Amino acid sequence: MSDSPKQGFDTLQIHAGAHPDPATGARQTPIYQTTSYVFRDADHAAKLFNLEEVGFIYSRLTNPTIAVLQDRMAALEGGVGAVCCSTGHAAQIMALFPLMGPGKNLIASTRLYGGTVTQFSQTIKRFGWEARFVDFDDTDALKAAIDDNTRAVFCESIANPGGYITDLDAISAITDEAGLPLIVDNTSATPYLCRPIEHGATLVVHSMTKYLTGNGTVMGGAIVDSGKFDWSASDKFPSLSQPEPAYHGMKFHETFGPMAFTFHGIAIGLRDLGMTLNPQAAHYTLMGIETLSLRMKRHVENAEKVATWLENDDRVEYVTYAGLKSSPYYDRVARICPKGAGGLFTFAVKGGYDACVKLVDALDIFSHVANLGDTRSLVIHTASTTHRQLTAEQLEAAGAGPNVVRISIGIEDPDDLIADLDQALTKACG
């Protein structure tokens with residue numbers, strides 16, 4: 001069937017990119033567990049390697065199972081193309097790879113997953129790149145941080161760990177004026193709750209490990225290209241606008257137009273960085289996406305109920321869930337995430353660090369793991385784990401203070417989750 005843009009989300013999450021297998025008629029997308037593909041003849045092989053024809057060469061670059069997932073991700077996010085890779089962290093590096101260079105910088109939100117903060121503040125220095133962290137609620141500070149060497153702006157739609165909602169409309173207005181691409185990590189929201197491209201995002205990145213797969217089985221990352229950025233409007237992005245030596249001087253943007261970033265991500269990003277997704281992981285992710293809308297509805301319903309209960313409990317100092325009317329981000333939910341504020345948030349426990357540790361150890365239904373977005377409810381004390389590498393100032397800016405516990409609400413019976421939290425808080429707080 002055709003992937004009509006008029007089709008609804010529930011239809012696209014099942015059908016986009018997929019067709020019965022031409023060899024066998026198999027309805028479910030097969031796992032093409034192969035490294036390489038037979039060329040029709042020498043001329044066919046030459047055209048594929050010279051990007052004159054689209055097809056399969058070697059599974060580090062392209063694979064039929066992964067191709068279906070890429071098409072589905074693009075359809076769900078409203079992009080023109082997507083590149084899938086090994087992890088969410090790999091997706092971040094691959095998104096920046098064509099844009100950055102030695103001496104260049106990106107502006108990043110202070111409210112990011114701890115691993116992303118570490119990747120940006122430490123690891124990318126080895127490439128000669130710099131990250132400048134700014135509170136994205138302070139738009140004047142964001143504008144002031146941008147200079148002639150800035151090449152990208154990066155944020156999360158629903159920030160991990162606190163569940164904060166970023167005002168993507170305000171941020172994209174700034175990036176548009178500056179002529180810069182806006183990269184939005186949409187992992188916590190998924191395209192069911194938020195479609196960043198509709199709010200001005202240039203690129204959308206995902207850790208598909210989380211809600212998209214939904215069952216904690218495989219890892220994967222994705223970069224979705226909006227196709228709307230003019231890479232040739234300035235000389236800031238030579239990888240996309242200037243001749244590419246490896247392809248005899250071809251200019252990606254001139255040749256591929258709106259698909260320039262997607263083709264570059266495969267032909268150069270996957271070719272040289274090698275951050276390849278395996279086809280079995282792509283298969284698991286495709287199956288997970290088929291039920292994404294059903295799961296996200298339940299995640300939101302449960303999170304609203306649990307967050308409301310926690311907010312009214314005397315043993316809890318505060319709850320960060322944006323779906324609560326008390327949240328300073330409540331008004332953004334209807335505009336940025338109209339189907340709900342997600343299933344991820346934090347709460348502060350009276351008794352501080354020690355009480356948080358006792359709480360985590362006392363929980364029964366909640367699994368103590370370094371993950372989120374599972375069908376199971378998950379818990380972690382971020383200050384001592386996922387955000388442990390951050391300074392005290394960075395922890396507070398990220399909403400991961402020592403008295404804070406992060407929970408990812410699953411799709412279990414919400415009354416059972418509340419009962420589990422109740423008994424654990426009793427043990428933690430006395």
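Everything discussed here concerns the structure shown above.
Residues numbered from 1 in each chain as written. Predicted model: local features only at pLDDT ≥ 70, side-chain atom pairs only at ≥ 80, totals over all residues. Heavy atoms only, no water.

### Digging into the packing of aromatic side chains
In plain terms, the rule: Two rings from Phe, Tyr or Trp (for Trp, the six-membered ring) form a pair when their centres sit within 6.5 Å of each other. Planes less than 30 degrees apart are called stacked, planes more than 60 degrees apart edge-to-face, and all others tilted. Strands are runs of DSSP state E lasting at least two residues, helices are runs of H or I lasting at least four, and both sets are numbered from the N terminus onward. Any residue under 20% of the maximum accessible area for its type is buried, any over 50% is exposed, and the rest in between are partly exposed; the area is computed with a 1.4 Å probe on protein chains only. Charges are assigned to positions over rings by a cutoff of 6 Å between ring centre and Lys NZ or Arg CZ, combined with an angular limit of 35 degrees from the ring normal.
In this structure the tally under the stated criterion is 14 aromatic pairs. Here the aromatic rings of F9 and Y192 are separated by 5.3 Å at their centres, their planes lie at 65°, and the arrangement is edge-to-face. In this pair, F9 sits in helix α1 (residues 9-15) while Y192 sits in helix α8 (residues 190-193), placing the two residues 183 residues apart along the sequence. Its relative accessible area of 15% is what places F9 among the buried residues. Since its relative accessible area comes to 9%, Y192 is described here as buried. When the centroid spacing of 5.3 Å and the interplanar angle of 85° are considered together, the rings of W231 and F237 count as edge-to-face. The ring of Y164 carries R111 above its face, with NZ or CZ at 4.7 Å from the centroid. The ring of F9 has K339 sitting right over it, with the charged end atom 5.6 Å from the ring centre.

### Describing the environment of L286
Within the element layout of this structure, L286 appears in helix α12 (residues 279-289). On the basis of relative accessible area, L286 is assigned to the buried category, the value being 1%. Note: C-alpha distance between L286 and V379 (93 residues apart in sequence) is 26 Å.

### A look at the pattern of salt bridges
Applied cut-off: Every case where a carboxyl oxygen of Asp or Glu lies within 4 Å of a side-chain nitrogen of Lys or Arg is listed as a salt bridge.
Taken as a whole, this structure holds 15 salt bridges when the rule is applied. Overlapping salt bridges bring together R111, D135, D137 and R332 as one network.

### Re the nonpolar core
Cut-off, in case you're wondering: Here the nonpolar core consists of buried residues drawn from Ala, Val, Leu, Ile, Met, Phe, Trp, Tyr and Cys, with membership extended through side-chain atoms lying within 4.5 Å. Residue contacts are defined here by distance: any two heavy atoms, one from each residue, within 4.5 Å place the two residues in contact.
Formed by 87 residues in total, the largest nonpolar core has its most connected members in L310, F345, F347 and I407. Broken down by element, this core gets its largest block of residues, 7 residues, from helix α13 (residues 292-311). Ignoring anything within four residues of it in the chain, the contact list for I407 reads V306, L310, G343, L344, F345, F347, F366, L378 and V379.

### Some details on the sheet that holds strand β4 (residues 150-156)
Note the following rule: A pair of strands is treated as paired once DSSP finds two or more bridges between them. Working convention: axes come from line fits to C-alpha atoms, limited for helices to the stretch in contact. Angles between N-to-C directions cover 0 to 180 degrees.
What the 7 strands build is an open sheet, ordered β1-β9-β8-β7-β4-β2-β3; its pairing is mixed. Edge positions in the open sheet fall to β1 (81-85) and β3 (130-134), since each of these has one partner strand only. When the angles between neighbouring strand axes are averaged without regard to direction, this sheet yields 20°. Taken together, the 5 bridges between strand β8 (residues 203-207) and strand β9 (residues 221-225) define a ladder with antiparallel strand orientation. The residue of β9 that forms the bridge with V204 is V224. Along the sheet face, helix α11 (residues 260-273) touches β1, β8 and β9 and points at about 25° away from the line of β1.

### Digging into the sheet that holds strand β12 (residues 367-368)
On the basis of which strands lie adjacent, the open sheet formed by 5 strands has the order β10-β11-β14-β13-β12 and mixed pairing. Only two strands of the sheet have a single partner each, and these edge strands are β10 (316-319) and β12. One ladder, built from 5 bridges, connects strand β11 (residues 344-349) with strand β14 (residues 404-408); its direction is antiparallel. By the bridge assignment, L344 is partnered in β14 with S408. Contacts from helix α15 (residues 352-362) reach β11, β12, β13 (378-380) and β14, with the element oriented near 125° to β11.

### Focus: the packing of α15 against helix α17 (residues 414-429)
What describes two packed helices is the angle between their axes and the distance between those same axes. Basically, it comes down to this: Oblique is the label for any angle not under 35 degrees, not over 145, and not in the 65 to 115 range, which are roughly parallel, roughly antiparallel and roughly perpendicular in turn. Left-handed describes a crossing whose near helix is turned anticlockwise from the far helix through less than a right angle; right-handed describes the clockwise counterpart. Residues were grouped as follows: Ala, Val, Leu, Ile, Met, Phe, Trp, Tyr, Cys and Pro as nonpolar; Asp, Glu, Lys and Arg as charged; and all remaining residues, including Gly, as polar.
Contact geometry for α15 and α17: axes closest at 8 Å, N-to-C directions at 140°. What the angle tells us is that α15 and α17 run oblique. For the pair α15 and α17, the sense of crossing is right-handed. Residues A355, K358, L359 and A362 of α15 touch α17, and the partners they reach there are L421, Q423, A424, L425, K427 and A428. Across the contact of α15 with α17, the residue classes break down as 7 nonpolar, 1 polar and 2 charged.

### A short note on the environment of D416
Residue placement: D416 occurs in helix α17. As a C-alpha pair, D416 and I31 span 385 residues in sequence and 37 Å in three-dimensional space.

### Focus on the pairing of β1
Of all 5 residues making up β1, 5 are buried, and the element is well covered by its neighbours. Here β1 shows a buried face lined by G81, V83 and C85 and a second buried face lined by A82 and C84. Bridge count for β1 against β9 is 5 bridges, and the pairing is antiparallel. The partner of G81 across the bridge, within β9, is D225.

### Examining helix α7 (residues 168-178)
In plain terms, the rule: Note: the arc covers the axis-to-C-beta directions of the helix.
Among all positions of α7, only L168, I171, S172, I174 and T175 are buried. The buried residues of α7 occupy an angular sector of 155° when the element is viewed end-on, so they sit on one face. Exposed and facing more than 90 degrees away from the buried side of α7 are D176 and E177. On its buried face, α7 is in contact with α6 (139-145), β4, β7 (182-185) and α14 (330-336). Looking one or two residues past α7, G179 carries a phi angle of roughly 70°, positive in sign.

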